[in-house]
Amino acid sequence: MALRTLVTRKALGNSVAFRQQLRGLQTYTLPDLPYDYGAIEPAISGEIMQLHHQKHHQTYVTNFNKALEQLDDAINKGDAPTVVKLQSAIKFNGGGHINHSIFWKNLAPIREGGGEPPKGSLGWAIDNHFGSLEALVQKMNADGAGLQGSGWVWLGLDKELKRLVVETTANQDPLVTKGSSLVPLLGIDVWEHAYYLQYKNVRPDYLKNIWKVINWKYASDIYEKECP
Amino acid sequence: MSRSAFCSSGSNLVPKTTEALNPLNRPKKHHYLNGRQRTNLYQKNHRASKVLAYYGLRSPPYKLVWNHDFFWESMQPGGGSSPILGLLQQIEKDFGSFTNFREKFIDAALKLFGSGWVWLVLKREEKHLAIVKTSNAVNPLVWNDIPILNLDMWEHAYYLDYKNDKAKYANVFMNHLVSWNAAMARMARAQAFVNLGEPKIPVA
């Protein structure tokens, strides 16, 4: 596990976070990766993992906190137009933080179980609903490759209907924007920053390879919690 | 609206024949781009099959091809600095100053969420220049605006050279790449469709 300079990172966001904490506002912080940046290679390069985590995800966190502080201000001043205007920044940056926090847990190094097919009730539900794991992978790859622009492809659970679904969302919209009863089990980031340095424009190759490091254990845990 | 109308008139880098309208026939020489641009990549990206496959068959591929061709023509080697004559006057009229326009253009590029484009357009009804952002493959022609310049803000346009530093990329575009020649030619053409007022004819 690489050394994490937690103190430095907290110090960087200190001024905003400190002010927000003084006012009792919830601040969000960048979660640590459960593995080294290079541990997912060769499926995803260490360079991508580092940029993705330290730059992209960190920017979402920083801007999310900033937008929330501005929202708090606007609410206190009764400034309705600003409250409404901030919604898109909150959705974008907050969604980015939520989605990426799930994404890091969706990946695992091969020696820690990455790529191992799901067993137990999730494995059974996948076979039941999609026919086979291969069929699910094929569907997610097709939807992910076909997504225009930036977004995510998800394996989700509709916790009310007790059914698995494959969905896509645009930009940083979280899965819940496609249905309030949807719980994300697996999300694959198909923004270009997630793969471009390594795969260039060949998104299908990225999608083919990422399954080697998908952490099915995390997805199973969530599934079993919602469908005991 | 003829596409060739928007080809840069002063540039000897863009083929003038109607073959220019077919991006597949365009000679794959993007060497005129600033050396920082990865020319191989754009050559590959412009092969029709890859364009179709990459952008998904659901999206009309011609929109993206059009936007990209417009983008190549919005740049030139040794570009940057600022426009002169009529276009500069119009920019100063509609944005206050060229500096202000430049700031607003870069700001739009940084504030765009997701994949998309930033455009300088001439608005037909309102008869003034404006900066607009579009998502994915949207082209402001659908809103009846006349495009004068654009900047590709999809991540593939800058990621290899600038990683996530969008500000640096947008500034390099404005300082070194943007072709005001192309913009002025397009503006001249646009004025055939939009009456911006009486010309100042000097009295003898």
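Residues numbered from 1 in each chain as written. Chains lettered and ligands numbered in written order. Predicted model: local features only at pLDDT ≥ 70, side-chain atom pairs only at ≥ 80, totals over all residues. Heavy atoms only, no water.

- Under an unreviewed UniProt entry, the name given to chain B is superoxide dismutase, and the organism recorded is Coffea arabica.
- Entered under Sequence similarities (unreviewed entry) in the UniProt record, the comment concerning chain B runs "Belongs to the iron/manganese superoxide dismutase family."
- Under the heading Cofactor (unreviewed entry), UniProt records this for chain B: "Fe cation". (UniProt positions renumbered as here; feature names shortened; annotations may be inferred.)

- Chain A is annotated in an unreviewed UniProt entry as Superoxide dismutase of Coffea arabica.
- Taken directly from UniProt, the Catalytic activity (unreviewed entry) text for chain A runs: "2 superoxide + 2 H(+) = H2O2 + O2".

1. Considering unusual backbone geometry
All names here are of chain A.
Then comes step 1: Of note, the amide linkage connecting Glu41 to Pro42 takes the cis form, showing an omega dihedral of -5°.
Then comes step 2: Tracing the chain through its elements places Pro42 in the loop between α2 (14-22) and α3 (46-77).
Then comes step 3: Even without a glycine there, the phi angle at Asn171 is positive, about 50°. (Helix = DSSP H or I, 4+ residues; strand = E, 2+ residues; numbered from the N terminus.)

2. Regarding the pairing of strand β2 (residues 163-170) of chain A
All names here are of chain A.
Then comes step 1: In this sheet, β2 lies alongside strand β1 (residues 151-158) in antiparallel orientation, the contact comprising eight bridges. For Leu155, the partnering residue across the bridge sits in β2 and is Val166.
Then comes step 2: Where β1 folds back onto β2 in an antiparallel hairpin, the turn is made up of four residues, including Lys162, whose phi is positive at roughly 55°. (Pairing = 2+ DSSP bridges.)

3. Focus on the UniProt feature "domain: Manganese/iron superoxide dismutase C-terminal" (unreviewed entry) in chain B
Then comes step 1: Per the UniProt record, "domain: Manganese/iron superoxide dismutase C-terminal" (unreviewed entry) is annotated on residues 87-185 of chain B.
Then comes step 2: Between the C-alpha atoms that bound residues 87-185 of chain B there is a distance of 9 Å. The span itself is 45% helix and 23% strand.

4. A short note on the pattern of salt bridges
Residue and element names in this part refer to chain B.
Then comes step 1: If you walk through the whole model with that rule in mind, you get nine salt bridges over all chains.
Then comes step 2: With a closest N to O distance of 3.0 Å, Lys123 and Asp145 form a salt bridge. Within this pair, whereas Lys123 is found in strand β1 (residues 116-123), its partner Asp145 is found in the loop between β2 (128-135) and β3 (146-152), the two being separated by 22 residues in sequence.
Then comes step 3: Taking the relative accessible area as the measure of exposure, Lys123 reaches 18% and is therefore buried. (Salt bridge = Lys/Arg side-chain N within 4 Å of Asp/Glu carboxyl O. Buried < 20%, exposed > 50% of the residue type's maximum accessible area, 1.4 Å probe, protein only.)

5. Description of the sheet that holds β2 of chain B
All names here are of chain B.
Then comes step 1: Read across the open sheet, the three strands follow the order β2-β1-β3; overall the sheet is antiparallel. Each edge of the open sheet is held by one strand with a lone partner, namely β2 and β3. In this sheet, neighbouring strand axes are inclined to one another by 20° on average, regardless of whether the strands run parallel or antiparallel.
Then comes step 2: In this structure, β1 lies alongside β2, joined through eight bridges in antiparallel fashion. (Axes fitted to C-alpha atoms, helices over the stretch in contact; angles between N-to-C directions.)

6. Digging into the interface of chain B and chain A
Then comes step 1: With 20 residues of chain B at the interface, the matching set in chain A holds 22 residues.
Then comes step 2: Roughly 2100 Å² of surface becomes buried between chain B and chain A when both sides are summed, with 55% attributable to carbon and sulfur atoms.
Then comes step 3: For Glu47 of chain A, the salt bridge is made with Lys163 of chain B, and the minimal N-O distance between the two is 3.7 Å.
Then comes step 4: Scanning the region where chain B abuts chain A turns up six residue pairs in polar contact (both at pLDDT 80 or more).
Then comes step 5: Looking at the side of chain B that touches chain A, the elements with two or more residues in it are α1 (39-45), α2 (48-55) and α6 (159-162) of chain B. (Contact = heavy atoms within 4.5 Å. Buried area = accessible area lost by both parts, 1.4 Å probe. Polar contact = N/O pair within 3.5 Å; in protein donor to acceptor, adjacent residues only side chain to side chain.)

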